[in-house]
Amino acid sequence: MAEKIIMLNDLRSPALAIPATPVPPSGHLVDALARPLHDLRISVTDRCNFRCVYCMPKEVFGKDYPYLPHGDLLSFEEITRVARIFIAHGVEKIRLTGGEPLLRKNLEHLVAMLRALPTVSGRPLDLTLTTNGSILARKARALKDAGLDRVTVSLDAMDDAVFKRMNDVDFAVSDVLAGIEAAHAAGLGPIKVNMVVKRGSNDDQIVPMARHFKGSPVILRFIEYMDVGASNGWNMDEVVPSNEVVQRIGAEMPLAPLDPNYTGETAARWRYLDGGGEIGVISSVTGAFCKDCSRMRLSTEGKLYTCLFATQGHDLRALLRGGHDDLAIGGAVARLWQGRADRYSETRTINTTGLARGARKVEMSYIGG
């Protein structure tokens, strides 16, 4: 059978238009639904060394998959410039993602460059990173020394056989746990561990995961298997609703709800009644949280996406490499955000897909989760 290839950069990417009238940054930018721009997620690579069945399955991302050439990727200097422009519009949190971001050579240099950027409010920039943990043990100290605040680590099972089936590259649980320990020792906390739950694949690991991290400094979060992109063969029957996750854990380790840490927090928080810490559940399918979404996403080669479930990006790299100044580029970003009315999860809850016929969503591996 011929290998199936999906070209991620085939999605429509209209040019980001520079407005005729300048839009000076005010430090507070809201979209068409009055949601402020607060978070920027930056994908630094489209490559990953895992082949997780829900994200980059081998039958799509095989050995001949055409990844982006290095010259197409935004440089660290370009990424820092974009971050500075977004911070002027009110962004206070930046998350580095991928692919697997630690595959980007010398990533700690980018961390140091971003750490030097002041925010409009004067508060330190919240600088975080999401990783599969495979290289974290080697990189944790350098990342912390460069100025990274904390990490989120993906781990989908405690059982080695189950985890190896999920990552599909024979990577062991113990190696991810070693990365988490190294991150904790380096001070990259509070550490969050994300488990994507897929019924019939790893849902038997919900309670073992909770049991393992209970009483530790790690905050474990369970994410509903999402309909992101077209490559993972998503089926609603494979979604384990968050309320079922809470019920399974609570039956053995009683839980009580907690208030959100901040407006727009995607995870609903629960605490163990015996004081053993907390868990979170992210209802990405059964419970829409669009109304408080404050995130813009930047792809590896400089396309802006206003929603995780977007069907098109907007080409920012052309402006960066076209000789335009920060005011002009910032105005283009402002106009894009001001026109944003995305609420895919809400419309999907109503009509299952939330998309027009024939539309195709961008892959999660391309713009990060």
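Residues numbered from 1 in each chain as written. Predicted model: local features only at pLDDT ≥ 70, side-chain atom pairs only at ≥ 80, totals over all residues. Heavy atoms only, no water.

Note the threshold: UniProt positions are given in the numbering used here, feature names are shortened, and annotations may be inferred rather than shown by experiment.
An unreviewed UniProt entry lists the protein chain under the name GTP 3',8-cyclase, from Massilia haematophila. Per UniProt, the protein chain has the following entry under Function (unreviewed entry): "Catalyzes the cyclization of GTP to (8S)-3',8-cyclo-7,8-dihydroguanosine 5'-triphosphate." The Sequence similarities (unreviewed entry) field of the UniProt record for the protein chain holds the comment "Belongs to the radical SAM superfamily. MoaA family."

## Some thoughts on helix H1 (residues 76-88)
Quick note on the threshold: A run of DSSP states H or I qualifies as a helix once it reaches four residues; a run of E qualifies as a strand once it reaches two. Both are numbered from the N-terminal end. To estimate the expected span of a helix, count its residues, drop one, and scale the result by 1.5 Å. Only protein chains enter the accessibility calculation, which uses a 1.4 Å probe. A residue is then buried if its area is under 20% of the maximum for its type, exposed if over 50%, and partly exposed in between.
Taking 1.5 Å of rise per residue, 13 residues should cover 18 Å, and H1 covers 18 Å from first to last C-alpha, within 8% of that figure. Burial within H1 is extensive, with ten of its 13 residues counted as buried. Taken as a whole, H1 has its buried residues at Phe-76, Glu-78, Ile-79, Thr-80, Arg-81, Val-82, Ala-83, Ile-85, Phe-86 and Ile-87. At the C-terminal side of H1, Gly-90 shows a positive phi close to 115°.

## Notes on the confidence of the model for the protein chain
So the rule is basically this: Predictor confidence is given residue by residue as pLDDT, running from a minimum of 0 to a maximum of 100. Contacts are assigned to residue pairs that have any heavy atoms within 4.5 Å of one another.
With 87% of its residues at a pLDDT of 70 or more, the protein chain has an overall mean of 89. This stretch, residues 1-10, has a pLDDT under 50; its non-local contacts, to residues over four places away or in other chains, come to 32 contacts. For the stretch residues 354-358, pLDDT sits under 50, and the model shows six contacts to residues farther than four places along the chain or on other chains.

## Thoughts on the state of the cysteines
Two cysteines, two sulfur atoms, one covalent bond between them: this is a disulfide. This is how the line gets drawn: Criterion for a disulfide: a pair of cysteine sulfur atoms at a distance within 2.5 Å.
Under the counting rule described, the total for this entry stands at zero disulfides. In this structure Cys-55 is a free cysteine whose sulfur lies 6.5 Å from that of Cys-52, the closest cysteine sulfur available. Given the relative accessible area of 18%, Cys-55 is considered buried.

## Topic: the packing of aromatic side chains
The cut-off we apply is this: By convention, a stacked pair of Phe, Tyr or Trp rings (six-membered ring in the case of Trp) has centres within 6.5 Å and planes under 30 degrees apart, an edge-to-face pair has planes over 60 apart, and any other such pair is tilted.
Applying the stated criterion across every chain, the model contains four aromatic pairs. Between the aromatic rings of Phe-50 and Phe-163, the centroid separation amounts to 6.2 Å while the plane-to-plane angle is 75°, which identifies the pairing as edge-to-face. On the criterion of sequence distance, the pair formed by Phe-50 in the loop between strand S1 (39-43) and H1 and Phe-163 in helix H4 (residues 160-167) is long-range, its members being 113 residues apart. Here the two residues Phe-50 and Phe-163 agree in accessibility, since each one is buried. Centroid distance Phe-50 to Phe-171: 5.2 Å. Interplanar angle 50°. Geometry classified as tilted. Placement of the pair is Phe-50 in the loop between S1 and H1 and Phe-171 in the loop between H4 and helix H5 (173-186), with a sequence separation of 121 residues. Accessibility expressed as a relative area gives 17% for Phe-171, which makes it buried.

## Overview of the pairing of strand S5 (residues 192-197)
Along a regular strand, successive side chains alternate from one face of the sheet to the other. What counts, and what does not: Any two strands between which DSSP finds at least two bridges are classified as paired. Handedness of a crossover is defined as follows: orient the strands so they point away from the viewer, and if the path from the first strand over the helix to the second runs clockwise, the crossover is right-handed.
Counting buried residues along S5, six of its six residues qualify, which places the element largely inside the surrounding structure. Along S5, one buried face is formed by Lys-192, Asn-194 and Val-196 and the opposite face, lined by Val-193, Met-195 and Val-197, is buried too. Two strands pair when backbone bridges link them, and strand S4 (residues 150-154) and S5 are joined in this way by three bridges, in the parallel orientation. Considered in S5, the bridge of Val-153 is made with Val-193. Pairing analysis gives six bridges linking S5 to strand S6 (residues 219-224), with the strands arranged parallel. Looking at S6, one finds that Val-196 is bridged to Ile-223. Following the chain from S5 across helix H6 (residues 206-213) to the adjacent parallel S6, one finds a crossover that is right-handed.

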